[in-house]
Amino acid sequence: MKMVVCGYCAASWRRCVVMSLRLLFLLPAGLPVRSQGESQSDNKQMDNITIRQGETLFLSCSQGDFVTHTAWLNRSSILYAGEDKWSVDPRVSLVTLNQDEFTIKIEDVDLTDEGQYICAVQTSSRPRTTSVHIIVQVPPKILNLSKDLVVNEGSNVILMCLANGKPEPAIGWSMLSPSDDSLSSDSEILEIPFISRNRAGVYECTAANEIAVDTQTVELTVNYPPSVSDGRDVGVTLGQRGVLQCEADAVPDADFEWYRDDRRIFNGFYGIEIEDAGAFSKLTFFNVSEADYGNYTCVAINKLGKHNKNFVDVEIIEPTSSTLLQVETASVLEMTSSDFAQTAFENNDLLEGPGAVQDGNSGTSTVFTPTCLLLIILLQLLLKF
């Protein structure tokens, strides 16, 4: 019971002190600070102070001689009464209190600190007040933004961007990548009706006021069905390596299927290799035979559709004399030195010219000049035709 009575007394004492200060400074609760019954010259109105959110605010007023009481107030709340701190806000602290000035500071200023502040001074003759209005500016901040979107070509798209700040920020949209000045908006909403694939990209929302600028981006992906490049006739040579390549434009990337006539071909069948890489697919013949002749079709497929205009007619080309010459030349050059000697003996009647060197003991040809070797190779090939 004793503790309850003490608590009640303490609360009553605090209320009495607040009321005493209000009466002392003639400040009715909830009303702007003014001296009543005194000339307006005792009530000084300072210019507004504009400060940015997060900065530190310093409030100072002059004192003078014969000051009996002084206090800083925010609306109807007492922040400091002389050296005694009344505010429970840890951001508020005393800087200077002497005969010349009374200064306090508020750190990390926020919007809730905006409003009128009054320095009240009671002298031995009469009270006086100094008031100042604090304006807190807030940099823009984007609070609500459309998420990254994946849509199908032909859809209607709406992008939204909401932001706050003080002064109120101006909001706008632009196409950032690829850059397109024709696609922009000076409002919170960007509408794109019947979107096409060339409208896919990165869009930027900008919120700006005189304090700062805030930007955020949205990535817009447009899906569309595959489109395969037109086919063309391809000729490959018997016994050689042949490659067919197919390219498809699609989002998402297409899967590829290869067909010979109406039969699907799989990787590894009949010595054929199929490789897919992004927008490309490659079919490789490692040893072309007559059995490989036919019509080949590349089909590109994704979830929006498929396209198979790419028909490839593979024609088998018979080897020409020049092709054979290359093959035979390569074969002859791979012969060993013993093979060259054997060939020379078989064509001994052609070696009567100055290109041959005769051994005085045996009378047979043992060493050949490079010119002679080339002549043998050419004659060997000509005899085959």
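A quick note: this is a predicted structure, and the numbers were derived from the prediction, not measured. (Residues numbered from 1 in each chain as written. Predicted model: local features only at pLDDT ≥ 70, side-chain atom pairs only at ≥ 80, totals over all residues. Heavy atoms only, no water.)

Visitor: Can you walk me through the overall build of the protein in this structure?
Guide: Along its length, the protein carries 4 helices and 27 strands. Within the protein, the proportion of its 385 residues that are buried is 34%. The contacts of the protein with a sequence gap of at least 6 include a subset with a gap of at least 24, amounting to 63%. Total accessible area on the protein stands at roughly 23200 Å², and carbon and sulfur atoms take up 53% of it. (Helix = DSSP H or I, 4+ residues; strand = E, 2+ residues; numbered from the N terminus. Buried < 20%, exposed > 50% of the residue type's maximum accessible area, 1.4 Å probe, protein only. Contact = heavy atoms within 4.5 Å. Areas by Shrake-Rupley, 256 points an atom, 1.4 Å probe, with all protein chains shown as cover.)

Visitor: Sorry, what's going on with the nonpolar core here?
Guide: Among the nonpolar cores identified, the biggest contains 19 residues, and Trp173, Ile192 and Tyr203 are the most heavily contacted of them. For this core, the secondary-structure elements that each account for two or more residues are β10 (127–145), β12 (157–166), β13 (170–177), β15 (189–192), β16 (201–208) and β17 (213–228). (Core = buried A, V, L, I, M, F, W, Y, C linked by side-chain atoms within 4.5 Å.)

Visitor: What is the right way to look at the environment of Thr206 in this model?
Guide: Among the secondary structure elements, Thr206 is positioned in strand β16. Separated by 34 residues in the primary sequence, Thr206 and Gly172 place their C-alpha atoms 5.3 Å from one another. Discounting residues that sit within four places of it in the chain, Thr206 has contacts with Ala170, Ile171, Gly172, Val213, Asp214 and Thr215.

Visitor: I tried to follow the side chain of Ser146 on my own but got confused; where do I start?
Guide: Note on placement: Ser146 falls in the loop between β10 and β11 (149–152). Looking at Ser146, its side chain comes within polar contact range of the main-chain nitrogen of Met160, at 2.7 Å. Apart from residues lying up to four places away in sequence, Ser146 is in contact with Ile158, Leu159, Met160 and Val218. (Polar contact = N/O pair within 3.5 Å; in protein donor to acceptor, adjacent residues only side chain to side chain.)

Visitor: Before we go on, may I ask you to explain the packing of aromatic side chains in this structure?
Guide: Aromatic ring pairs: the centre-centre distance and the angle between the two ring planes describe each pair. Within the structure shown, the criterion is met by 2 aromatic pairs. Taking the centre distance of 5.5 Å and the plane angle of 85° together, the rings of Phe285 and Tyr296 count as edge-to-face. Of this pair, Phe285 sits in strand β23 (residues 280–285) while Tyr296 sits in strand β24 (residues 294–302); the two residues are 11 residues apart in sequence, bridging distant segments of the chain. When the ring centre of Tyr224 is taken as reference, the NZ or CZ atom of Arg197 above it lies at 3.8 Å. (Phe/Tyr/Trp six-rings, centres within 6.5 Å; stacked < 30°, edge-to-face > 60°. Lys NZ or Arg CZ within 6 Å of the ring centre and 35° of its normal.)

Visitor: Just to check I follow, could you spell out a nonpolar patch on the surface for this structure?
Guide: A surface patch of nonpolar side chains, about 230 Å² in accessible area, is lined by Ile158, Met160 and Ile189. Tracing the backbone through its elements, the reader meets Met160 in strand β12. Classification of Met160 as partly exposed rests on a relative accessible area of 30%. (Patch = residues over 30% accessible without salt bridge, like charges linked within 9 Å, V, L, I, M, F, W, Y side chains within 5 Å. Salt bridge = Lys/Arg side-chain N within 4 Å of Asp/Glu carboxyl O.)

Visitor: When you look at the sheet that holds strand β8 (residues 101–106) in this model, what are you seeing that I'm missing?
Guide: Within a sheet, neighbouring strands are paired by backbone hydrogen bonds and run either parallel or antiparallel to one another. Strands sit in the order β3-β8-β7 across an open sheet of 3 strands; the sheet is antiparallel. Taken across any chain shown, the strands that pair with only one partner, and hence form the sheet edges, are β3 (57–62) and β7 (92–97). Averaged over all neighbouring strand pairs, the angle between strand axes comes to 20°, with direction disregarded. (Pairing = 2+ DSSP bridges. Axes fitted to C-alpha atoms, helices over the stretch in contact; angles between N-to-C directions.)

Visitor: Whenever I open this one, the state of the cysteines confuses me. Can you help?
Guide: Put plainly, a disulfide is one covalent bond tying together the sulfur atoms of two cysteines. Scanning the model with the defined rule gives 3 disulfides in all. In this model Cys161 forms its disulfide with Cys205; the gap between the sulfur atoms is 1.9 Å. For the disulfide bridge between Cys161 and Cys205, the dihedral angle about the S-S bond is near -75°, and by the sign convention the bridge is left-handed. Highlighted residues: Cys161 in strand β12 and Cys205 in strand β16, separated in sequence by 44 residues. Judged by relative accessible area, Cys205 falls into the buried class, the value being 0%. Each sulfur in the disulfide pair Cys246 and Cys298 lies 2.1 Å from the other. Residues Cys246 and Cys298 share a disulfide whose torsion about the S-S bond is about -80°; that sign makes it left-handed. (Disulfide = S-S within 2.5 Å.)

Visitor: Would you mind showing me how to read unusual backbone geometry here?
Guide: Generally, phi is negative for residues other than glycine and the peptide bonds are trans, each holding for most cases. Following Lys166, the chain continues into Pro167 via a peptide bond in cis, with omega recorded as 0°. By the element assignment, Pro167 lies in the loop between β12 and β13. Here Ser177 and Pro178 are connected by a cis peptide whose omega angle stands at -5°. The residue Pro178 is located in the loop between β13 and β14 (180–185) in this model. One non-glycine residue, Phe194, adopts positive backbone phi at about 50°. Along the chain, Phe194 turns up in the loop between β15 and β16. For Phe194, a relative accessible area of 65% corresponds to the exposed category. Although it is not a glycine, Asp261 adopts a positive phi angle of roughly 60°. With respect to the element layout, Asp261 can be found in the loop between β20 (255–260) and β21 (263–265).

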